[in-house]
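Architecture and fold: a report
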Amino acid sequence: MSGPSPTPVHEPARQRVLRAARQALRVLAVELGTPTEPGTPLFGSVQNPWLRRLPYLVAFGFAVSLLPTTITILGHDYGLNGGLAGALATAQTAPLLLAVTRPLQAWWVIFTADILCAMALTGADGVAGRAWPWPPMVIVGYLALMVALSLRERSRTLIAVWLTTGVAGILFEPRTPDGSVGTWVLLFVLTGVVLMMGATLRERGDAQRKLIEQETISEAERARRTLLEERTRIARELHDVVAHHMSVITVQADSAPYRLSGLPREAEEEFGSIAATARESLAEMRRLLGVLRSEETERHGGPEKAPQPGIGMLPKLVEGTVRAGVPVELSLPEDRVPLEPAVDLSAYRIVQEALANVVRHAPGARTRVSVTTAADGSRLTVLVVNSQPPAPSAPLETTGTGHGLIGMRERVRLVDGSLDTGPLPDGGFRVAAQLPLSPPPAPAASLSPKDSGSV
């Protein structure tokens, strides 16, 4: 049998206090000994070169102005030895230059120098009636260091620095020389205020940068969503074009045995197979179209049944734009040009989007729409040019997202064409698209070593 359980030993209160104090000192040492981003200069990520140099100029100004002042006051007013005054002044001011890139390391040097200076001033002859333990120039330099520290280090480190400053002042309080003016409370309060203000500004800047990054990500997501929506729209429109041709193939294959007499049985079976394959392809395309159709379209009257537009419907489009207050001139080829359905639809959509941009961003601007064919009949040129809008008019949208241009590029890429857009010197805008009139040649199939042998 096991013996009785041991009686719990209550830890004395003094040991608990000592253990808590040791733990607090350990945390304090970790915070004061772990700098954030050492070596990275303040304002290092700023684009403006003058703002990047500003911390160096400010630190240099403080060091140059405080060094001779500190030497003079410590030696002349407080009565310290000249060599000692020069050494302490250098240790208290020169590390301000280091504070631009390593403020926590600079604080260790300056704080140690301030402690040694306070100890040296304890027995000085001129301390009576003067500030102690922190002379005025020490306070100024220390607060300048706090600004750099608050803009770089995390909040726990700033609290550790602030508490260390206060503890040092409290430890010096019993050794205050007779007739001196205590300044440790003043430095403790001012240090807390400066650290709090600097940390607030830093956190606000971090929040603004994160907001800008989030806006950039959101804009990229919007552009991606617009691209996907435009591709889906193109896929729906191409379905209508391809479905027409597949329907023609089905009808021709089904009616071939009746239109052509004397066909062999094998040919009739082949035409039947072609018709069945075409009908199956149409069924698959209809199922795919059911996925691509938007819910909003289905909710407002079901799938679209209007034929896909082409350059033949540009006069009607221009007429509607003129009614919206934009004077538009339209120029079309005199002879009707046979176009591939995808090219015809892409040309219409490019003009439609370009005129919509004119209405939104340059209302009232004179616009010219030109559709021409090359002399060799190889390509179709779509040109939309608008001038600067009249002075009294104001744009409906002051900023553009460029999402309309994304759709234009997708349509041009679909038919293997090219697109050129950009502002004009007179303040207008130009959209020029080159669309091939014939489909691009299929890439030649590569020959395998077996096929490349002798004929």
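Residues numbered from 1 in each chain as written. Predicted model: local features only at pLDDT ≥ 70, side-chain atom pairs only at ≥ 80, totals over all residues. Heavy atoms only, no water.

**Topic: the overall build of the chain**
When its secondary structure is counted, the chain shows twelve helices and seven strands. Within the chain, buried positions represent 34% of all 455 residues. Look at the contacts in the chain between residues 6 or more apart in sequence, and 72% of them connect residues 24 or more apart. Carbon and sulfur atoms provide 61% of the accessible area of the chain, an area that totals close to 27500 Å². (Helix = DSSP H or I, 4+ residues; strand = E, 2+ residues; numbered from the N terminus. Buried < 20%, exposed > 50% of the residue type's maximum accessible area, 1.4 Å probe, protein only. Contact = heavy atoms within 4.5 Å. Areas by Shrake-Rupley, 256 points an atom, 1.4 Å probe, with all protein chains shown as cover.)

**Re the pairing of strand β5 (residues 379-386)**
Counting buried positions along β5 gives seven out of eight residues, so the element sits mostly inside the fold. Sheet topology places strand β4 (residues 367-373) next to β5; seven bridges connect them, and they run antiparallel. Each residue of the ladder has a partner; that of Ser370, found in β5, is Leu383. In terms of strand pairing, β5 meets strand β7 (residues 429-436) through eight bridges, oriented antiparallel. Opposite Arg379, over in β7, you have Pro436 as the bridge partner. (Pairing = 2+ DSSP bridges.)

**Digging into the packing of aromatic side chains**
Summed over the entire model, instances satisfying the criterion amount to five aromatic pairs. Seen in terms of ring centroids, Trp134 and Phe172 are 6.0 Å apart; in terms of plane orientation they differ by 90°. Their pairing is edge-to-face. Highlighted residues: Trp134 in the loop between β1 (131-132) and α5 (136-150) and Phe172 in helix α6 (residues 155-172), separated in sequence by 38 residues. A relative accessible area of 8% places Phe172 in the buried class. Residues Trp162 and Phe188 carry aromatic rings whose centres are separated by 4.5 Å and whose planes lie at 10° to one another, so their mutual orientation is stacked. One end of the pair, Trp162, is in helix α6; the other, Phe188, is in helix α7 (residues 184-259), with 26 residues separating them in the sequence. Cluster of aromatic residues (ring-pair linked, three or more members): Trp107, Trp108 and Phe111. The aromatic ring of Trp50 is capped on one face by Arg53, whose charged end is 5.5 Å from the ring centroid. (Phe/Tyr/Trp six-rings, centres within 6.5 Å; stacked < 30°, edge-to-face > 60°. Lys NZ or Arg CZ within 6 Å of the ring centre and 35° of its normal.)

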